Amino acid sequence: MRAMLRAHRANLRNRTYANADLNPPAGPYETIEVTGTDGARLRVHAYGPADGNALVLVHGWTCCLEYWNPQINAFADDHRVITYDLRGHGESEVGTAPLTTDLLADDLQAVLEASLKPGQRAVLVGHSLGGMTMQAWAGRHPGQVRKRAAAVLLTNTAAGQLIAETTVVPLFNRGLLRLPFFLGLLGLSLPILFPPVAPVRWLFRRQIMSLESVGDIAAFGQNIVRSCPARVRGRFGKLLSYLDVGRGAVHLTVPTSLVAGSADDMTPIVHADRIAEMLREAGSLDSYLTLPTGHLGNVEAYRAFNGELARVARSAFGIPAAVVSA
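Described in the following lines is the structure provided in the data block. (Residues numbered from 1 in each chain as written. Predicted model: local features only at pLDDT ≥ 70, side-chain atom pairs only at ≥ 80, totals over all residues. Heavy atoms only, no water.)

**Regarding the nonpolar core**
Consideration 1: In this structure, Leu 55, Leu 124 and Leu 129 are the most contacted members of the largest nonpolar core, which totals 91 residues.
Consideration 2: Counting residues per element, this core draws most heavily on helix H13 (residues 302-317), at seven residues.
Consideration 3: Dropping the residues within four chain positions of it, Leu 55 is found in contact with Phe 75, His 79, Arg 80, Val 81, Ile 82, Val 123, Leu 309, Ala 313 and Phe 317. (Core = buried A, V, L, I, M, F, W, Y, C linked by side-chain atoms within 4.5 Å. Buried < 20%, exposed > 50% of the residue type's maximum accessible area, 1.4 Å probe, protein only. Helix = DSSP H or I, 4+ residues; strand = E, 2+ residues; numbered from the N terminus. Contact = heavy atoms within 4.5 Å.)

Written out as C-alpha cells, the structure is:
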C-alpha cells in the first residue's frame, strides 16, 4: 500500500494533462524547512521570485500542495506562491501530537514564520480544512493576523456543524433532513478507498465535485484526493466530525473574502453565510462570491477563482490590475 501511495504521489508530480493549467509548475521552487511543535516535518514549497508579493495557499482534507497547481501556474511568474502539505497529507509527517485544530493552527503559524520575511504580509488562501485552519489560527493567534496577513480568501469552508449541515449523502441531499451524527462520524472516519473505476468516478463527481466537472478537471480532482492515505483520511475525518473553530473568523481583522459553491454538498452555502455574518460583525468582509461548482471550487472553476484571487491580491498589495495574471 505504501509503495502504491508513493507511486501515486510521484504521478501527481509528473503527470501532465491536455489542460496545461493543471500540470505541475514548470519553474523551479524552493523547499523550506518547517517543523511542527511536536517535531513533525512539513513539506513546504515556494514558487516564483523571492522578492515577490506572497500568497500562502492551504489545501483541504485529503488533498496536498499539488491541489493548487491551477493557482501556482497562474501567479508564480509575478508572486511568491507558498504552499504546504497539511500534516499527514502529501509528504508531510503526521506527527505524534493529538490531532486538533489548535495543532493545525500552530503548523500554519510555523509555516508563516519560516517562509515570510520579517514584517512581510501575505494574502492567505484556505480551501475547506485549510480555511478552517485559518479561522483556528486567527482565534489562537489573533495578534499575528495583522502582522502576517494583508488579506484572506476563504473558499468552500465552514466553522463547524459539518455533519449537521451536509447534503453529501443522497437521502439528505435536499437539506430536508439532517444526517444523524453517528452516520456522519462513521462515514467521515472510515479509511475509505477511491478505486479508479467508473461508478466511483461518477459518484465522486456527483457528491464531491459536480457533474459539470468532466475530463481533465474531474480526473485532476480525483487524482489529488486518491493520493491521501486511507488511515489519514479517516483520522482527519474524525477531526472534521467534531470540528468547531467557533468565532475564529471575527479575528480575521484584515479584508477577508469568501467563495462558495452553489453545488457544494460538503460545505453548503449556509456555512459561508455564517462566516460572512462574523466577518460583517468584525467589519472585515471584503466580498462574497458564489461559483457554480461543487466542493473543489478553485479547481472546477479555476479561471473565475483566479480572477477573484487576482482582485484580492491587487487590493492587498496596491498593484495595477495588468500586473496580476490569472
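**Looking at the environment of Leu 291**
Consideration 1: In this structure, Leu 291 sits in strand S8 (residues 285-291).
Consideration 2: Once the C-alpha coordinates of Leu 291 and Asp 264 are considered, the two residues, 27 residues apart in sequence, prove to be 9.6 Å apart.
Consideration 3: When near neighbours in sequence (up to four residues on either side) are disregarded, Leu 291 contacts Val 259, Ala 260, Gly 261, Ser 262, Ala 301, Ala 304 and Phe 305.

**Some thoughts on the side chain of Asn 298**
Consideration 1: If you trace the backbone, Asn 298 turns up in helix H12 (residues 297-300).
Consideration 2: Within the local environment of Asn 298, its side chain forms a polar contact with the side chain of Gln 71, the two groups lying 3.0 Å apart. (Polar contact = N/O pair within 3.5 Å; in protein donor to acceptor, adjacent residues only side chain to side chain.)

**Some words on the pairing of strand S3 (residues 53-58)**
Across a regular strand the side chains alternate sides, sitting on one face of the sheet and then on the other.
Consideration 1: Most of S3 is tucked away: five of the six residues are buried.
Consideration 2: For S3 and strand S4 (residues 79-84), the ladder comprises six bridges, and the chain directions are parallel. Looking at S4, one finds that Asn 53 is bridged to His 79.
Consideration 3: For the handedness criterion, the β-α-β arrangement of S3, helix H2 (residues 69-75) and S4 is classed as right-handed.
Consideration 4: The pairing of S3 with strand S5 (residues 122-127) spans four bridges and is classified as parallel. Its bridge partner lying in S5, Val 56 is registered against Leu 124. (Pairing = 2+ DSSP bridges. Right-handed = clockwise from strand over helix to strand, strands pointing away.)

**A closer look at the pattern of salt bridges**
Consideration 1: By the definition in use, this model includes 15 salt bridges.
Consideration 2: Across the pair Arg 80 and Glu 30 runs a salt bridge whose closest N-O atoms are separated by 2.2 Å. Within this pair, whereas Arg 80 is found in strand S4, its partner Glu 30 is found in strand S1 (residues 29-35), the two being separated by 50 residues in sequence.
Consideration 3: Assessed through its relative accessible area of 10%, Arg 80 is described here as buried.
Consideration 4: Residue classification places Glu 30 among the partly exposed positions, given a relative accessible area of 38%.
Consideration 5: Measuring nitrogen to oxygen at the nearest pair gives 2.7 Å for the salt bridge that ties Glu 93 to Arg 41. Remark: Arg 41 occurs in strand S2 (residues 41-47) and Glu 93 occurs in the loop between S4 and helix H3 (101-115); sequence separation between them is 52 residues.
Consideration 6: Each of the salt bridges in this network shares a partner with another, and the network as a whole consists of Arg 43, Glu 66, Asp 85 and Glu 91. (Salt bridge = Lys/Arg side-chain N within 4 Å of Asp/Glu carboxyl O.)

**Considering the packing of H3 against helix H4 (residues 129-140)**
Consideration 1: Where H3 meets H4, the axes come as close as 8 Å, and the angle between the chain directions of the two elements is 85°. Classed by the angle they form, the pair H3 and H4 counts as roughly perpendicular. Contacts between H3 and H4 involve Thr 101, Asp 102, Leu 104, Ala 105, Asp 106, Leu 108, Gln 109 and Leu 112 on the former and, on the latter, Leu 129, Thr 133, Met 134, Ala 136, Trp 137 and Arg 140.
Consideration 2: Of the residues in the contact of H3 with H4, the class split is eight nonpolar, three polar and three charged. (Axes fitted to C-alpha atoms, helices over the stretch in contact; angles between N-to-C directions. Parallel < 35°, antiparallel > 145°, perpendicular 65-115°, else oblique. Nonpolar A, V, L, I, M, F, W, Y, C, P; charged D, E, K, R; others polar.)

**Considerations on the packing of aromatic side chains**
Consideration 1: Summed over the entire model, instances satisfying the criterion amount to three aromatic pairs.
Consideration 2: Ring geometry for Tyr 17 and Phe 220: centres 5.8 Å apart, planes at 70°, overall edge-to-face. Residue Tyr 17 is located in the loop between helix H1 (2-14) and S1, and its partner Phe 220 is located in helix H9 (residues 215-226); the two are separated by 203 residues in the primary sequence.
Consideration 3: Judged by its relative accessible area of 10%, Tyr 17 is buried.
Consideration 4: Note on Tyr 67 and Trp 68: the rings are 5.4 Å apart at their centroids and 75° apart in plane angle, and the pair reads as edge-to-face. (Phe/Tyr/Trp six-rings, centres within 6.5 Å; stacked < 30°, edge-to-face > 60°.)

**Points about the sheet that holds S5**
Consideration 1: Reading across from one edge, S1-S2-S4-S3-S5-S6-S7-S8 is the order of the eight strands in this open sheet, with mixed pairing throughout. Of all strands in the sheet, those bounded by a partner on one side alone are S1 and S8. Each strand axis lies, on average, 20° off the axis of its neighbour in the sheet, ignoring direction.
Consideration 2: Sheet strands in contact with H4 are S3, S4, S5 and strand S6 (149-155), and its direction is about 125° off that of S5.
Consideration 3: Here helix H11 (residues 269-282) sits on the sheet and contacts S6, strand S7 (256-261) and S8; the angle it forms with S8, its principal contact strand, is near 170°.

**A look at H3**
Consideration 1: Spanning 15 residues, H3 covers 21 Å between terminal C-alpha atoms, matching the ideal 21 Å at 1.5 Å per step.
Consideration 2: The buried fraction of H3 is high, at twelve of 15 residues.
Consideration 3: Taken residue by residue, H3 has Thr 101, Leu 103, Leu 104, Ala 105, Asp 106, Asp 107, Leu 108, Gln 109, Ala 110, Val 111, Leu 112 and Ser 115 as its buried positions. (Expected span 1.5 Å × (residues − 1).)

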